[in-house]
Amino acid sequence: MLTTMNLPLHTSVWVKSRRSWCCYASLSQPDRKEIRLGLPSKGRMSADTLQLLQNCQLSVKQVNPRQYVAEIPQLSNLDVWFQRPKDIVRKLLSGDLDLGIVGLDTFSEHGQGNDDLIIVHEALEYGDCRLSLAIPQYGIFENVNSLDELAKMPQWTEEKPLRVATGFTYLGPKFMKENGLKHVTFSTADGALEAAPAMGIADAILDLVSSGTTLRENNLKEIKGGVVLESQAVFITSRKSVIQRKGVLETTHEMLERLEAHLRAIGQFTVTANMRGSSAEEVAERILSQPSLMGLQGPTVSPVFCKRDGKVTADYYAIVICVPQKALYKSIQQLRAIGGSGVLISPLTYIFDEETPRWRQLLSKLGL
Ligand SMILES: Nc1ncnc2c1ncn2[C@@H]1O[C@H](COP(=O)(O)OP(=O)(O)OP(=O)(O)O)[C@@H](O)[C@H]1O
Ligand SMILES: O=P(O)(O)OC[C@H]1O[C@H](OP(=O)(O)OP(=O)(O)O)[C@H](O)[C@@H]1O
Ligand SMILES: [Mg+2]
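Conventions we followed
- Residues numbered from 1 in each chain as written.
- Chains lettered and ligands numbered in written order.
- Predicted model: local features only at pLDDT ≥ 70, side-chain atom pairs only at ≥ 80, totals over all residues.
- Heavy atoms only, no water.
- UniProt positions renumbered as here; feature names shortened; annotations may be inferred.
- Near = heavy atom within 4 Å.
- Polar contact = N/O pair within 3.5 Å; in protein donor to acceptor, adjacent residues only side chain to side chain.
- Nonpolar A, V, L, I, M, F, W, Y, C, P; charged D, E, K, R; others polar.
- Domains from an automatic or database assignment.
- Areas by Shrake-Rupley, 256 points an atom, 1.4 Å probe, with all protein chains shown as cover.
- Helix = DSSP H or I, 4+ residues; strand = E, 2+ residues; numbered from the N terminus.
- Buried < 20%, exposed > 50% of the residue type's maximum accessible area, 1.4 Å probe, protein only.
- Salt bridge = Lys/Arg side-chain N within 4 Å of Asp/Glu carboxyl O.

The protein chain is annotated in an unreviewed UniProt entry as ATP phosphoribosyltransferase from Glycine soja. We quote the UniProt Pathway (unreviewed entry) comment for the protein chain here in full: "Amino-acid biosynthesis; L-histidine biosynthesis; L-histidine from 5-phospho-alpha-D-ribose 1-diphosphate: step 1/9." The heading Subcellular location (unreviewed entry) in the UniProt record of the protein chain holds the text "Plastid, Chloroplast".

Chemist: Which residues make up the site of ligand 1, and what values go with them?
Modeler: Taken together, the neighbourhood of ligand 1 is formed by 14 residues, with R44, R84, D105, T106 and S210 sitting nearest. Take T106: an N or O atom from its side chain is 2.9 Å from an oxygen atom of ligand 1. Class assignment of the residues belonging to the shell around ligand 1 gives a composition of 3 nonpolar, 5 polar and 6 charged. The residues that make up the shell around ligand 1 include at least three from each of domain 1 (12-126 + 232-265 + 356-365) and domain 2 (129-228).

Chemist: Provide a residue-level description of the site of ligand 2, including the pertinent values.
Modeler: Taken together, R44, G191, A192, E194, D207, L208, V209, S210, S211, G212, T213 and T214 make up all the residues around ligand 2. Residue S210 places a main-chain N or O atom 2.8 Å away from an oxygen atom belonging to ligand 2. S211 has a polar side-chain atom sitting 2.6 Å from an oxygen atom of ligand 2. Its free accessible area being 500 Å², ligand 2 has 64% of it covered by the protein chains.

Chemist: Account for unusual backbone geometry, with residues named and values stated.
Modeler: Notably, Q112 is not glycine yet its phi reads approximately 50 degrees, a positive angle. Its location among the elements puts Q112 in the loop between helix 3 (104-111) and strand 7 (117-121). Phi at D309 is positive, roughly 50 degrees, even though this residue is not glycine. What makes D309 exposed here is its relative accessible area of 79%.

Chemist: How would you summarise the pattern of salt bridges if you had to cite specific residues and measurements?
Modeler: For the structure on display, the rule yields 16 salt bridges. As a salt-bridge pair, R130 and E222 come within 2.8 Å of each other at their nearest N and O atoms. You can see R130 sitting in strand 8 (residues 129-136) and its partner E222 sitting in strand 12 (residues 220-231), a full 92 residues away along the chain. Close ionic contact of R308 with D315 constitutes a salt bridge, the shortest N to O distance being 1.7 Å. Residue D315 is classed as partly exposed on the basis of its relative accessible area of 22%.

Right under this line is the structure:
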């Protein structure tokens, strides 16, 4: 059984879980009653985050676009605060936000491995990009195609190190150190890093890449072994908020369930059809003989009753299966081959499974 206590500002809190006592930093605003969710205020993640929440029936109601606070009517006692992604991570750490959605790159760079931060859902399936090292395609780098080859270049010495421009001043040096590159210096800028090598400011850059167009347009190339991190949007919280602020654990659970149910349903369709048969088992037998018609847990087969000669009989059976988009056409072909008719297809909105592994993982990370 978990026990928490009210404590003064900026002290530690000891919490007893089933297994042991754990120490947590205390909340910065222990009296704050509402739960706060931080969402990206601008940039690439912003519109897609609102769209994802809307798809989970968690529409964010913003009174006007210049206001930084909003609400999600389905989640009572929750305020949405629009913030820059890196500030979402910082404010989770300071206890000024309780939940957030950002890219894994921002989480890793600004979270710096802090044990208080927890990833609740690591794959929200948008904002895909990678943090990758890139060097010029020309000059001394023409035949350099791997991190190993870059490290072995005789040009880099203590006096004249490899100069890397990056906005990732935590992950950059950590990666270089872990890969044994000794003679490296870093400079930083907030954008348009791809210009740095051509301007003579840097030899290499470490930045986000998705299509690779910006690199190509600037005569830069990625190298083998140079990917620091694969990133996509993640749903995050802080240990101290979940443990100490009333309602955060329940809201996290509800959001996680909705996110998972929606993400599981993406690209899945329900297929219904009628099939003549002598019994539900016989129809099921025919369906299960086809590899694309297995469904999530096998087909649902229900008798379609009609009255003939004053007697209620079932000559037809309605079948319902769940099929991924890529197998859709094959499924229809297979259904027809075994006598299916009147095939109806509709996209799936949610798939609510049994309790999700991510929820169990969260509880276990919290020691609950
Ligand atoms: N080219 C890209 N393709 C896909 N996702 C990207 C790309 N660039 C960035 N992202 C994702 O979007 C997030 C936000 O990027 P964005 O450029 O909007 O903000 P930023 O440059 O980190 O913020 P700021 O302007 O506050 O410094 C990144 O942290 C990353 O997860
Ligand atoms: O591989 P690509 O698809 O070409 O994308 C890569 C570019 O996208 C990001 O910049 P962004 O457009 O977000 O501009 P910013 O520098 O203002 O953040 C990133 O910093 C790269 O410059
Ligand atoms: Mg950017």
